[in-house]
There are 2 protein chains.
Amino acid sequence: MAQQNIYDNDIFFNGYKKIRENDNNANNLFETPALLSLLPELNNKAVLDLGCGYGDHCMEFINRGASKVVGIDISEKMLEIARIENNHPNILYKNMPMENIGMLNERFDVVVSSLAIHYVDDYKGLINNIFNLINENGILVFSQENPLNTCFSKGRRWTKDEKGHRLFANISNYGIDGERESVWFIDNVKKYHRTFSTIINTLIEAGFIIEKLIEPVPTKEILDKHPEYQDLFHKPDFLLVKARKSA
Amino acid sequence: MAQQNIYDNDIFFNGYKKIRENDNNANNLFETPALLSLLPELNNKAVLDLGCGYGDHCMEFINRGASKVVGIDISEKMLEIARIENNHPNILYKNMPMENIGMLNERFDVVVSSLAIHYVDDYKGLINNIFNLINENGILVFSQENPLNTCFSKGRRWTKDEKGHRLFANISNYGIDGERESVWFIDNVKKYHRTFSTIINTLIEAGFIIEKLIEPVPTKEILDKHPEYQDLFHKPDFLLVKARKSA
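Residues numbered from 1 in each chain as written. Chains lettered and ligands numbered in written order. Predicted model: local features only at pLDDT ≥ 70, side-chain atom pairs only at ≥ 80, totals over all residues. Heavy atoms only, no water.

J.: Explain the overall build of chain A residue by residue, including any values.
T.: The number of helices and strands found in chain A is eight helices and eleven strands. What you see for chain A is a C-alpha radius of gyration of 18 Å, in line with the 18 Å of a compact globule of 247 residues. Structurally, chain A occupies a C-alpha span of about 55 × 40 × 40 Å along its principal axes. Looking at chain A residue by residue over its 247 residues, the buried ones come to 56%. When contacts within chain A are restricted to residue pairs at least 6 apart in sequence, long-range pairs at least 24 apart make up 67% of them. When the accessible area of chain A is evaluated, it comes to approximately 10800 Å², of which 46% is carbon and sulfur surface. Mean positive and mean negative side-chain charge positions of chain A (28 and 34 charges, respectively) differ by 2 Å. (Helix = DSSP H or I, 4+ residues; strand = E, 2+ residues; numbered from the N terminus. Rg over C-alpha atoms; globule rule 2.2 N^0.38 Å. Buried < 20%, exposed > 50% of the residue type's maximum accessible area, 1.4 Å probe, protein only. Contact = heavy atoms within 4.5 Å. Areas by Shrake-Rupley, 256 points an atom, 1.4 Å probe, with all protein chains shown as cover. Lys, Arg positive; Asp, Glu negative; His and termini not counted. Charge placed at Lys NZ, Arg CZ, Asp CG, Glu CD.)

J.: For the nonpolar core, give the residues involved together with the corresponding values.
T.: Formed by 82 residues in total, the largest nonpolar core has its most connected members in Ile 130 and Phe 208 of chain A together with Ile 130 and Phe 208 of chain B. In contact with Ile 130 of chain A, not counting residues within four places along its chain, are Leu 50, Ile 101, Val 111, Leu 140 and Phe 208 of chain A. (Core = buried A, V, L, I, M, F, W, Y, C linked by side-chain atoms within 4.5 Å.)

J.: Explain the relation of the copies chain A and chain B to me, and be specific about the residues and the numbers.
T.: Once turned by 180° and shifted 0.0 Å along the axis, chain A lies on chain B with an RMSD of 0.0 Å. Both copies are brought into coincidence by an operation consistent with a two-fold rotation axis. Distance from the rotation axis, computed per C-alpha, reaches its smallest value in chain A at Asn 170 of chain A: 2.5 Å. Same-surface contact between copies: 100% of interface residues of chain A are shared with the interface of chain B. (Least-squares fit on C-alpha atoms with pLDDT ≥ 70 in both.)

J.: Residue-level account of the side chain of Asp 49 of chain A, with values.
T.: Topologically, Asp 49 of chain A is positioned in strand E1 (residues 46-50). Excluding its chain neighbours within four sequence positions, the residues that come into contact with Asp 49 of chain A are His 57, Cys 58, Phe 61, Val 70, Gly 71, Ile 72, Val 112 and Ser 113 of chain A.

J.: Can you explain the interface of chain A and chain B? Please cite residues and give values.
T.: In many reports, interface size means the accessible area that the parts give up when they come together. Taken together, the 32 residues of chain A in the interface contact 32 residues of chain B. In this assembly, chain A packs against chain B so that about 2600 Å² is buried in total across both faces, 62% of it on carbon and sulfur atoms. The largest share of the area that chain A buries against chain B comes from Phe 168, Ile 171 and Leu 213 of chain A, three residues that together contribute 20% of it. Taken together, the connections running from chain A to chain B amount to zero salt bridges. The interface formed by chain A and chain B contains 15 residue pairs in polar contact (both at pLDDT 80 or more). (Buried area = accessible area lost by both parts, 1.4 Å probe. Salt bridge = Lys/Arg side-chain N within 4 Å of Asp/Glu carboxyl O. Polar contact = N/O pair within 3.5 Å; in protein donor to acceptor, adjacent residues only side chain to side chain.)

J.: Just give me the short version of the pattern of salt bridges, but keep the residues and values in it.
T.: Residues and elements named next belong to chain B. Summed over all chains, the structure comprises 18 salt bridges over all chains. Of the charged contacts, one joins Glu 211 and Arg 244 as a salt bridge, the two residues approaching to 2.7 Å between their closest N and O atoms. Taken together, the positions of Glu 211 in strand E10 (residues 208-214) and Arg 244 in strand E11 (residues 238-245) put the pair 33 residues apart, joining distant regions of the chain. When its relative accessible area of 26% is taken as the criterion, Glu 211 is described as partly exposed. A relative accessible area of 26% places Arg 244 in the partly exposed class.

J.: How would you summarise the packing of aromatic side chains if you had to cite specific residues and measurements?
T.: Evaluated as defined, the whole model comprises eight aromatic pairs over all chains. Plain terms: the ring middles of Phe 30 of chain A and Tyr 229 of chain A are 5.0 Å apart, the flat faces sit at 75° to each other, and that makes the pair edge-to-face. Taken as a pair, Phe 30 of chain A in helix H2 (residues 26-38) and Tyr 229 of chain A in the loop between helix H8 (220-225) and strand E11 (238-245) lie far apart in primary sequence, 199 residues in all. With respect to burial, Phe 30 of chain A and Tyr 229 of chain A carry one shared label: buried. On the numbers, 5.6 Å between centres and 20° between planes, the contact of Phe 152 of chain A with Phe 168 of chain B is stacked. You can see Phe 152 of chain A sitting in the loop between helix H6 (147-150) and strand E6 (158-160) and its partner Phe 168 of chain B sitting in strand E7 (residues 166-171), one on each of two chains. A residue is classified by how much of its surface remains accessible, and Phe 152 of chain A, at 4% relative accessible area, is buried. Put simply, the rings of Tyr 174 and Phe 196 of chain A together with Phe 196 of chain B pair up and form one aromatic cluster. Residue placement shows Lys 245 of chain A over the ring face of Phe 131 of chain A; its charged tip is 4.2 Å from the ring centre. (Phe/Tyr/Trp six-rings, centres within 6.5 Å; stacked < 30°, edge-to-face > 60°. Lys NZ or Arg CZ within 6 Å of the ring centre and 35° of its normal.)

J.: Outline the sheet that holds E1 of chain A, listing residues and values.
T.: Residues and elements named next belong to chain A. Read from one edge to the other, the open sheet built from seven strands follows the order E3-E2-E1-E4-E5-E11-E10, with strand pairing classed as mixed. Looking along the sheet, the strands with just one partner apiece sit at the ends: strand E3 (91-95) and strand E10 (208-214). Mean inter-strand twist for the sheet, computed between neighbouring axes without regard to direction, equals 15°. Strand direction decides the pairing type here: strand E5 (residues 134-145) and E11, joined by seven bridges, are antiparallel. Within E11, the residue paired with Ile 139 across the bridge is Arg 244. In the packing of helix H4 (residues 76-85) onto the sheet, the strands contacted are strand E2 (68-73) and E3, and the crossing angle to E3 comes to about 165°. Seen against the sheet, helix H5 (residues 123-133) touches E1, strand E4 (108-114), E5, E10 and E11 and runs at an angle of roughly 145° to E5. (Pairing = 2+ DSSP bridges. Axes fitted to C-alpha atoms, helices over the stretch in contact; angles between N-to-C directions.)

J.: Could you give me a rundown of H5 of chain A, with the residues and numbers involved?
T.: For H5 of chain A, every residue scored as buried is listed here: Tyr 123, Gly 125, Leu 126, Ile 127, Ile 130, Phe 131 and Leu 133 of chain A. Those residues of H5 of chain A hidden inside the fold are in contact with E1, E4, E5, helix H7 (196-206), E10 and E11 of chain A.

In structure tokens:
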């Protein structure tokens, strides 16, 4: 099975770069704070970042005391930027699809992945590989698109009223795990939908204990500044999971 | 806070009785098999059934070897039928809202609840009470309406195409926990929506370990006989949870 590397497509890469440069994007306002809130104490910990992109999180882990960080990404273009913007002697960036982490010959205390796991077809294989890479009592923290988002395949995503206000999020095929095609800068970005129960059960079957879930919605402060995020109450963009490898 | 007892309303009771008499209702086809599949070995176990209704499950627990079953229900009408149809010397039926189980002066190995917890406002209080009633390593198994169902407050539940086929399930206010009013035989049946993360996190915070979730969808065999359940792939009716009290 070929791994998908949309990030090395020029059109995608430039479009993505642009939204990431906007400080008020949904990642910065909702996903990153939730992800960081789930991190354990990192002092002297070895951390693996799956889909590290520009390496911002890798540097954050170093700032929080991590002794070693390995950031892997399928996109060499992303890593070129990471090696410049977030260069540190204790961070190693490796160009590798996360489907191949079974080949890594080391163990980690903490594995983190931000908004990348929904691109992976073989979720069960990935989770089992992560389990094998984590030390006992180690922690996995990841974010992905919320299943209420990934389920959608085609058609209108919202039902609006006459004034154009969003009344309902349109959900379809939530109960069917598998590939979805969507348009995000380029056509045919492949994502993989999994129900909440598939996501949770696969972790438990691998040996993880679920510690916390977060589906971020706006605080009053954020809504006052950015009323456009009101719709996240209908359908949160993200799901974050914290799990522990049982000792 | 007043507990809601819709089942003692005559109109509701007779409407409910009628759908339960249809063998091919969604409960019989999807919810009950999933609930029973999550039960642990019951031999010589003490079992508590929260919202036991007609007592069918209580008798099933006895048939599976339970040494003692306590079935509680807020509806005396339901229990009158239970005491006739599912009478057994080792089953005790008690007329009591599940909000009051903190008053029960005994412990159980297994607590089960079928499609009742979404009527309870104080979910956190209920889960903490259940935790206190369960022996160490005891099991909680419950079903409730799926959060994709309970979130909905008003308006059309489905977007249909010109031919009347259901294209999308309409989701609104998923991210906002709390009371919902709906019509089910009678007006203003109060249900309480909780997101997946609230449901899971509350269990974990109480001290439970999540063991398995199920969101039932039809098998091919069921679909062949009952094509009307195709829509469950868009939006499952139920969520089932199995959790263990950590020793």
